[in-house]
Structures are given as structure tokens and as C-alpha cells.
Amino acid sequence: MLAFTVTATSPPLVSTGGARFKVLAEMFPSFLPKQVENIRDPFARKLASRIERLPVNVSFSENCIMSSVVKPSILQSETSPVVLLHGFDSSCLEWKYTYPLLEETGLETWAVDILGWGFSDLERLPPCNVASKREHFYLLWKSYIKRPMILVGPSLGAAVAIDFAVNHPEAVENLVLIDACVYREGTGNLAKLPRIAAYIGVYLLKSIPLRLWVNVLTFNGITLSTSIDWTNVGRLHCLFPWWEDATVDFMISGGYDVRAQIDQVKQKTLIIWGADDQIVSYKLGVRLHSELPDAIIHQIPDCGHLPHLKLKVSLIIEDVCHLDP
């Protein structure tokens, strides 16, 4: 039997209470943009200090890709690893509040940056289309994680998770999909834009006013100072010189269209949805629940599109490694 417990509480001001995540002066990896020093949120700072780059050899690049992840403090051979993806044009820092809670429960927890976003080294730019993202993630999993995982995907990350689970079922034990953006026709007409127009659109995507406006849509009741700080967290990866090229490459490739794959998902799935999501309607969550072969759904009240950012959504998956086959 699949048993999930979902809890939501306000994010802490200073500490989760775990000694491992006590807020101290951080030493950031040298490869992060220097603007990381301007981030005030102590949990974002702490998670940023733990980001590493691991070499991943792929077929579509002559050079290995130094790929950004947050590795677990302790590897657990007795439990399935929990692997956290992120949403469109984001990074592992989405998990600044939830990651420490998952680790404190004793779960082996990884936060992985999807190829083309996050903090991987893409100076020698590889293709960033869906097939490349899938292969890169698979080879990272095969090289380092190595066991069937609980794969967690928020927003567009849910499409990444579904695509991956269907193509590599041996790597995924169960799925957790959060406010899943899985019913869009990829990047749609954006794939047909002339490159110059695509670059203009991507430049706007990085802009602070647009990011602030997205925060208004996504989160309920946060202060302006918090919104500005979260904007700085959310666009930190955009400051790499290759970010525009990687994002345009994804855009014109057509992006993720997983509508035909949904009923092919064989893994047990937990769907989590913020009741106040103004970006993806809860009706689509109900539709997803009806189309997935084996799923349960939980709605979180007073929460918007990314509950793991606004609130501490602790995905405490009871008996996660002792589920019935």
C-alpha cells in the first residue's frame, strides 16, 4: 500500500531545529555567480553552499558535463532515494525549505538541476532539448544514484518526471507530482519564433519586473522584501553567460509534450496541488488523477503554484522503501 503524509507549515525564519542546518556563515562554491552573496534567505544560502558539480559523460557532447546537484549527507542503502527536480527555468534552490526536512527524516535526498537550467557548467553548450535532458539525467542517475528512486517533479518538472519514468521505468519506483504542468503542447508557437525574437523573449524572462510579477501570481501574502529576495534566488542561475543560449535551444526544440505519455505511467503516483494555484488550474490536477493508472491526490489549502517554496511542504513518505510491489 502506498502511504504518503503531506504537511504544510510556514517557512521558518532562522532554523528548522536540526543541527545539520543551523544557520552559520556559509562558504559558497566558487562556480556560483557572485550575486549569491546578496541572497538573504538563510535556507537558500545554506542549500547553495552545498551545491556540487559532478562529471556526467553523455553521447551528445565530447566533453563530460559538470552537473550541479545537492548530494545527501548520508547514503541510505535501506531506503529508496528521493530525487527532487525543479520547474521551468529554475534550479535546485527551489527546495530550500523542503530539502532539510526530508533529510532530517532520514531519507537519502538528492536535488538535481535539469540540463540547461540550474548551475551546471555549460560553457561548451550541449543541446538542451528533451532527449538531451533525459539522457543527461539518466546517466547522472546511473553513475551516482544507482537505485530506483522516488522522483519528485513540480510544475514543468512534473513533465520531466513523467517523460523520464515512461522512458526509464527501471529507475523510478514512485512519482510525486506537484502542481503539474503536463497538458501543454510543449513550447507551442514559441518554437517557431525567429532566433532573434526568441532571444528577446528570453531576455525578458530574466528581467526582475517579470520575475516579481510571477511571484505575485505564485505566492499568497509574501512581503515585497521577501519577493525581491526570492526573485534573486530564482534568477541566480540566469546570470551564467550560457543561460540565454541554453534556454533558446530548449524553446525552439519544442519542449515537453507528455500528454500521450500520462496513461503509460506505471509507477504509483502522489499528486499534490495548491488550492490557490493561479497558474495551473486544480481541474487539471483532477484530470491528471483520473488519467494516471495508479494515483492519489492531495490538495493543500491556502497555497499557490509552488507549495514547496511558499510553505514547507514536507513530503514525508511513510514506509517509502517498504511499499508493496
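Cut-offs used in this document
- Within each chain, residue numbers correspond to sequence positions counted from 1 in written order.
- Side-chain atom pairs in this predicted model are given and counted only at pLDDT of 80 or more, local residue features only at pLDDT of at least 70, and totals for whole chains, interfaces and linings cover all residues.
- Where side-chain values are given, they derive from all heavy atoms of the structure, hydrogens and water being excluded.
- Every helix listed is a DSSP run of H or I at least four residues long, and every strand listed is a run of E at least two residues long, numbered separately from the N terminus.
- We call a residue buried when its accessible area falls under 20% of the maximum for its residue type, exposed when it is over 50%, and partly exposed in between, using a 1.4 Å probe and counting protein chains only.
- Using a 1.4 Å probe, accessible areas were evaluated by the Shrake-Rupley method; residue-level cover was limited to the displayed protein chains.
- pLDDT: the predictor's confidence for each residue, scored from 0 to 100.
- Should any heavy atoms of two residues lie within 4.5 Å, those residues are considered in contact.
- DSSP calls a pair of strands paired once it identifies at least 2 bridges connecting them.
- Axis lines are fitted to C-alpha atoms, over the contacting stretch for helices. Their N-to-C directions set the angle, which ranges from 0 to 180 degrees.
- Note on aromatic pairs: the rings of Phe, Tyr and Trp (six-membered ring only in Trp) are paired at centre separations within 6.5 Å, and the planes decide the class, stacked below 30 degrees, edge-to-face beyond 60, tilted for the rest.
- Note on criteria: charge over ring means Lys NZ or Arg CZ within 6 Å of the ring centre, with the direction from the centre no more than 35 degrees off the ring normal.

- An unreviewed UniProt entry annotates the protein chain as AB hydrolase-1 domain-containing protein originating from Acer negundo.

Considerations on the overall build of the protein chain
So, point 1. A tally of regular secondary structure across the protein chain gives 10 helices and 10 strands.
So, point 2. Expressed as a percentage of the 325 residues in the protein chain, the buried residues total 56%.
So, point 3. For the protein chain, the accessible area works out to roughly 13,900 Å², and carbon and sulfur atoms hold 55% of it.

Points about the confidence of the model for the protein chain
So, point 1. Averaged over all residues, the pLDDT of the protein chain equals 86, while 87% of them reach at least 70.
So, point 2. When the criterion is pLDDT under 50, residues 1-8 qualifies, and its contacts beyond four places in sequence or with other chains add up to 32 contacts.

Digging into the pairing of strand β5 (residues 109-112)
So, point 1. Burial of the side chains of β5 extends over both faces: Thr109 and Ala111 are buried on one face and Trp110 and Val112 on the other.
So, point 2. Pairing of strand β3 (residues 65-70) with β5, which is carried by 2 bridges, proceeds in the antiparallel orientation. Across the sheet, residue Val70 finds its bridge partner in β5, namely Ala111.
So, point 3. Looking at chain direction, strand β4 (residues 82-84) and β5 are connected through 3 bridges and run parallel.

Focus on the environment of Leu292
So, point 1. Mapping Leu292 onto the fold places it in the loop between α9 (282-291) and β9 (295-300).
So, point 2. Among the residues examined, Leu292 registers a relative accessible area of 4% and is labelled buried.
So, point 3. Considering only alpha carbons, one finds Leu292 and Asp263, 29 residues apart in sequence, at a separation of 5.3 Å.
So, point 4. Discounting chain neighbours no more than four positions away, the residues touching Leu292 are Leu177, Ile262, Val265, Thr269 and Ile271.

Focus: the sheet that holds strand β2 (residues 51-56)
Two strands in a sheet stick together by hydrogen bonds in their backbones, pointing the same way (parallel) or opposite ways (antiparallel).
So, point 1. The 8 strands lie next to each other as β2-β3-β5-β4-β6-β7-β8-β9, forming an open sheet whose pairing is mixed. Each end of this open sheet is capped by a strand with a single partner; those strands are β2 and β9. For this sheet, the mean angle separating the axes of adjacent strands, direction not counted, is 25°.
So, point 2. Packed on one face of the sheet, helix α3 (residues 130-145) meets β2, β3, β4, β5 and β6 (149-154) and runs near 100° to β2.

Focus: unusual backbone geometry
So, point 1. Positive phi values are uncommon outside glycine, yet Ser155 reaches one of about 55°.
So, point 2. The backbone of Asp179 shows a phi angle near 45°, a positive value even though the residue is not glycine.
So, point 3. For Asp179, the position within the fold is in the loop between β7 (172-178) and α5 (195-206).
So, point 4. Taking the relative accessible area as the measure of exposure, Asp179 reaches 0% and is therefore buried.

Here we look at the packing of aromatic side chains
So, point 1. Counting across every chain of the model gives 10 aromatic pairs.
So, point 2. What links up through ring pairs into an aromatic cluster is the set Phe88, Trp117, Phe250 and Tyr256.
So, point 3. The lysine or arginine in question, Lys96, covers the ring of Trp230, its NZ or CZ lying 4.9 Å from the ring centre.
So, point 4. One residue, Lys133, lies across the ring of Trp117, its end atom 3.8 Å from the ring centre.

Looking at the side chain of Thr187
So, point 1. In this structure, Thr187 sits in the loop between β7 and α5.
So, point 2. Residue classification places Thr187 among the buried positions, given a relative accessible area of 16%.
So, point 3. Among all residues touching Thr187, those that are not within four sequence positions of it are Phe250, Met251, Gly254 and Gly255.

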